[in-house]
Amino acid sequence: MILVCASELIPDAFKNNTHLETINFKDSSSIAFIDSTAFESTKYVSSLTTKGEEIRFVNVLYKASKDDLKAETVVMDNSIISISNKAYEGAKCKYITFSNNLKYIGQGAFANCEELTEIVLPTTLEQIDASAFENCGKLAIVSFNSTNGLTTINDRAFANTTS
């Protein structure tokens, strides 16, 4: 078991830890970001990936479920404040309803979602990381509804889209 007391987990933090079975967060409200490779090749994440379950650490969506990756419409739970890198990469969704509390969309989080046509970004959003929606060829409408807190849209966030 690992007890985590951090607000961010950087790349490869627990990578290849084949004995890691349980993860507990001491102060769940402090977790803001978990890199997509933080738990790569761990027993914990491998078992969930095999089952096709959503992988979520408190209020950070680490990897979408197998069902969400195939669904036409994705509705996120309002407790999600952060979407990790590549969480929905290549998903088949056309429509996404983001969490009303979402602050961060990770690098490549929705890259290669070729059927995605329209997104409405929540007012709470602060950052869209690099390549977040890259290669979403049918993405024609991106609505920024009073996103006063949005401070950063990184390189190629919307590259190779129609919007």
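Scroll up to find the structure.
So, here is what we can say about the structure in this document. Predicted model only: the values in this text are computed from it and were never measured.

**Some thoughts on the side chain of Asn 85**
Item 1. Position of Asn 85 among the secondary structure elements: in the loop between strand E8 (82–83) and strand E9 (95–97).
Item 2. Within the structure, Asn 85 has its side chain in polar contact with the backbone nitrogen of Gln 107 (distance 2.8 Å).

**Concerning the packing of aromatic side chains**
Item 1. Tallying each qualifying case throughout the model produces five aromatic pairs.
Item 2. Here the aromatic rings of Tyr 88 and Phe 110 are separated by 5.0 Å at their centres, their planes lie at 10 degrees, and the arrangement is stacked. A residue pair is termed long-range when its members are at least 10 positions apart, and Tyr 88 in the loop between E8 and E9 and Phe 110 in the loop between strand E10 (104–105) and strand E11 (118–121) qualify at 22 residues. No difference in accessibility class separates Tyr 88 from Phe 110, as the two residues are buried.
Item 3. Measuring from centroid to centroid gives 5.2 Å for Phe 133 and Phe 158, while their planes differ by 5 degrees, and the two rings are stacked. Taken together, the residues Phe 133 in the loop between strand E12 (127–128) and strand E13 (141–144) and Phe 158 in the segment after strand E14 (152–153) connect sequence positions 25 residues apart.

**A word on the side chain of Thr 161**
Item 1. When you line up the elements, Thr 161 lands in the segment after E14.
Item 2. At a separation of 2.9 Å, a polar atom in the side chain of Thr 161 contacts the main-chain carbonyl oxygen of Phe 158.

**Focus on the sheet that holds E11**
Item 1. A sheet is described by the order of its strands in space; here four strands give the open sequence E7-E9-E11-E13, paired in parallel fashion. The open sheet terminates on both sides in strands that have one partner only, identified here as strand E7 (73–75) and E13. For this sheet, the mean angle separating the axes of adjacent strands, direction not counted, is 10 degrees.
Item 2. Pairing geometry for E9 and E11, over two bridges, is parallel. Paired with Ile 96 across the bridge in E11 is Ile 119.

**Let's talk about the environment of Cys 113**
Item 1. Mapped onto the secondary structure, Cys 113 falls in the loop between E10 and E11.
Item 2. Cys 113 sits in the buried class, given a relative accessible area of 0%.
Item 3. Sequence separation of Cys 113 and Ala 91 is 22 residues, and the distance between their C-alpha atoms is 5.1 Å.
Item 4. Sequence-distant contacts of Cys 113, defined by excluding residues within four places in its chain, comprise Tyr 88, Gly 90, Ala 91, Asn 135 and Cys 136.

**Examining the pattern of salt bridges**
Pairs can form between side chains of opposite charge whenever their charged atoms are close.
Item 1. Using the criterion set out here, one finds two salt bridges in the structure.
Item 2. Of the charged contacts in the structure, one is a salt bridge between Glu 115 and Lys 138, with a shortest N-O distance of 3.0 Å. Placement of Glu 115 in the loop between E10 and E11 and of Lys 138 in the loop between E12 and E13 is noted, with a sequence separation of 23 residues between them.
Item 3. Of the residues examined, Glu 115 reaches a relative accessible area of 29% and is grouped as partly exposed.
Item 4. Classification of Lys 138 as partly exposed rests on a relative accessible area of 44%.
Item 5. Between Arg 156 and Glu 134 there is a salt bridge whose closest N-O contact spans 2.6 Å. Here Arg 156, found in the segment after E14, pairs with Glu 134, found in the loop between E12 and E13; they are 22 residues apart in sequence, far enough to count as distant.
Item 6. The partly exposed category is assigned to Arg 156, whose relative accessible area is 47%.

**A word on the nonpolar core**
Item 1. Counting 28 residues, the largest nonpolar core has Ile 83, Tyr 88, Phe 98, Ile 105, Phe 110, Leu 116 and Phe 133 as the members making the most contacts within it.
Item 2. Those residues in contact with Phe 98, other than ones at most four positions away along the chain, are Met 76, Asn 78, Ile 83, Ile 105, Phe 110, Ile 119, Val 120, Leu 121, Pro 122 and Phe 133.
Item 3. Counting five residues, the second-largest nonpolar core is a separate cluster that includes Ile 34, Ala 38, Ile 55 and Val 60.

What counts, and at which threshold
Residues numbered from 1 in each chain as written. Predicted model: local features only at pLDDT ≥ 70, side-chain atom pairs only at ≥ 80, totals over all residues. Heavy atoms only, no water. Helix = DSSP H or I, 4+ residues; strand = E, 2+ residues; numbered from the N terminus. Polar contact = N/O pair within 3.5 Å; in protein donor to acceptor, adjacent residues only side chain to side chain. Phe/Tyr/Trp six-rings, centres within 6.5 Å; stacked < 30°, edge-to-face > 60°. Buried < 20%, exposed > 50% of the residue type's maximum accessible area, 1.4 Å probe, protein only. Pairing = 2+ DSSP bridges. Axes fitted to C-alpha atoms, helices over the stretch in contact; angles between N-to-C directions. Contact = heavy atoms within 4.5 Å. Salt bridge = Lys/Arg side-chain N within 4 Å of Asp/Glu carboxyl O. Core = buried A, V, L, I, M, F, W, Y, C linked by side-chain atoms within 4.5 Å.

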